[in-house]
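Listed here are the chains, written in short residue letters.
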Amino acid sequence: MAKQKGKQQGGDAFESYYAQIYQSRWNTLKEALLVERKPVAFSDGLRQIYYLDEASIIAAKLLDVQDGDAVLDMCAAPGGKSLVLAASLKKNGTLVANDRSATRRGRLKVVLREHLPDEVHSRITVTGHDASRWSLHEQNRYDRILLDAPCSSERHVLSDPKALAIWSASRPKHLAIQQFAMLASALEAVKVGGCILYSTCSINPLENELVVDKLFEKRDGRFAIEPAAAPYGESCRHGSIILPDMAQGRGPLYICLIRRTA
């Protein structure tokens, strides 16, 4: 009985929290989040098709990787976005695909090896660093950085009774601290003039535009938000968000393109 009561409390807290954010839209959005995703096929330059959310393809392409770019995917597993980035490397670009988790990194290596031609795979390096501390080791190194940060992943929480049972409002607060640390580190690791694509699959502003707000607070004058027209995206104060109730099941995915200026 106590276990069942805990589930209800977790679900009630989650419901109240997001209903307050999305108000009259929440029920429609929640229903869309509960519908199973319909991945699309991505095959550009790959040995075999990889299926992923179309919103992820949109995000990775918005980074606009150019031939010869040094690219970093800071939180790369399971590897779908890394494949999209790798397809844009052309003949001279390089990609560092990073994930701190050994288990997820193992899966990432398999995905890259199975899907990329040898010539492209030879220019991919897989690492296992803490993204929030990256700038302690490398600064002014990359032309393009994708930071698809670990997040609340509300779509997963809603579909997992165990995750819903233990949910509390402290989780997004804790994640936002980590996300800012990663974004601040990315700002040091990217070259002046280079771009960071900050994204999450969270629907929570605390983990999205408010993280960018904190970057303005702590690093003002060193970066600018770049316009990035994301198909199916809804404008936010910074960047845009793709939400499944208005994007025919795509997402959720928050996207903000940041250019380092100093």
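Calculation notes
Residues numbered from 1 in each chain as written. Predicted model: local features only at pLDDT ≥ 70, side-chain atom pairs only at ≥ 80, totals over all residues. Heavy atoms only, no water. Helix = DSSP H or I, 4+ residues; strand = E, 2+ residues; numbered from the N terminus. Rg over C-alpha atoms; globule rule 2.2 N^0.38 Å. Buried < 20%, exposed > 50% of the residue type's maximum accessible area, 1.4 Å probe, protein only. Contact = heavy atoms within 4.5 Å. Areas by Shrake-Rupley, 256 points an atom, 1.4 Å probe, with all protein chains shown as cover. Lys, Arg positive; Asp, Glu negative; His and termini not counted. Charge placed at Lys NZ, Arg CZ, Asp CG, Glu CD. Axes fitted to C-alpha atoms, helices over the stretch in contact; angles between N-to-C directions. Parallel < 35°, antiparallel > 145°, perpendicular 65-115°, else oblique. Left-handed = near helix turned anticlockwise from the far one by under 90°. Nonpolar A, V, L, I, M, F, W, Y, C, P; charged D, E, K, R; others polar. Core = buried A, V, L, I, M, F, W, Y, C linked by side-chain atoms within 4.5 Å. Salt bridge = Lys/Arg side-chain N within 4 Å of Asp/Glu carboxyl O. pLDDT = per-residue confidence, 0-100.

**Focus: the overall build of the protein**
The number of helices and strands found in the protein is 10 helices and 11 strands. Since a compact globule built from 262 residues should have a radius of gyration of about 18 Å, the 18 Å found for the protein is in line with a globular shape. In terms of its C-alpha atoms, the protein occupies a principal-axis envelope of roughly 60 × 45 × 35 Å. The buried share of the protein, reckoned over its 262 residues, is 49%. Across the protein, the fraction of contacts at a sequence separation of at least 24, relative to all contacts at a separation of at least 6, is 73%. For the protein, the exposed area adds up to about 12500 Å²; of that, 51% sits on carbon and sulfur atoms. When the 35 positive and 30 negative side-chain charges of the protein are each reduced to one mean point, those points stand 4 Å apart.

**Focus: the packing of helix 9 (residues 170-189) against helix 10 (residues 209-219)**
Relative placement of two packed helices is described by the angle separating their axes and the distance separating the axes. Running from amino to carboxyl end, helix 9 crosses helix 10 at an angle of 55°, the nearest separation of the two axes being 10 Å. Between helix 9 and helix 10, the angle is such that the two are oblique. In the crossing of helix 9 with helix 10, the sense of the turn from one axis to the other is right-handed. Residues Ala176, Gln179, Phe180, Leu183, Ala184, Leu187 and Glu188 of helix 9 pack against Val211, Lys214, Leu215, Lys218 and Arg219 of helix 10. Of the residues in the contact of helix 9 with helix 10, the class split is seven nonpolar, one polar and four charged.

**Observations concerning the environment of alanine 163**
When you line up the elements, alanine 163 lands in helix 8 (residues 161-165). Taking the C-alpha atoms as reference, alanine 163 lies 8.7 Å from glycine 10; in sequence the two are 153 residues apart. If near-sequence neighbours (up to four positions away) are discounted, alanine 163 is found in contact with His156 and Val157.

**Description of helix 4 (residues 80-87)**
Counted residue by residue, helix 4 has seven buried out of eight residues, so it is predominantly covered. Along helix 4, the residues that are buried comprise Gly80, Lys81, Ser82, Leu83, Val84, Leu85 and Ala86.

**What about the nonpolar core?**
The biggest cluster of nonpolar side chains holds 44 residues, and the ones touching the most others in it are Trp26, Met74, Ile145 and Tyr198. Element by element, the count of residues in this core is highest for helix 9, at eight residues. Not counting residues up to four positions away in its chain, the partners in contact with tyrosine 198 are Leu147, Ala149, Gln179, Leu183, Glu207, Asn208, Val211, Val212, Tyr254, Ile255, Cys256 and Ile258. Counting residues in hydrophobic clusters, the runner-up holds 37 residues, among them Ala60, Ala86, Leu116 and Val120.

**Here's the deal with the pattern of salt bridges**
According to the stated counting rule, one finds 19 salt bridges in the structure shown. For the salt bridge of glutamate 54 with arginine 250, the shortest nitrogen-to-oxygen distance reads 2.7 Å. Taken together, the positions of glutamate 54 in helix 3 (residues 54-62) and arginine 250 in the loop between strand 10 (240-242) and strand 11 (253-260) put the pair 196 residues apart, joining distant regions of the chain. For glutamate 54, a relative accessible area of 25% gives the class partly exposed. Residue arginine 250 is classed as buried on the basis of its relative accessible area of 16%. Between aspartate 213 and arginine 237 there is a salt bridge, with the nearest N and O atoms lying 2.3 Å from each other. One end of the pair, aspartate 213, is in helix 10; the other, arginine 237, is in the loop between strand 9 (234-235) and strand 10, and 24 residues separate them in sequence. Given a relative accessible area of 26%, aspartate 213 falls into the partly exposed group.

**Section: the confidence of the model for the protein**
Across the protein, the average pLDDT comes to 95, with 97% of residues at 70 or higher. Contacts for the low-pLDDT stretch residues 1-8, under 50 throughout, to residues beyond four places or in other chains number three contacts.

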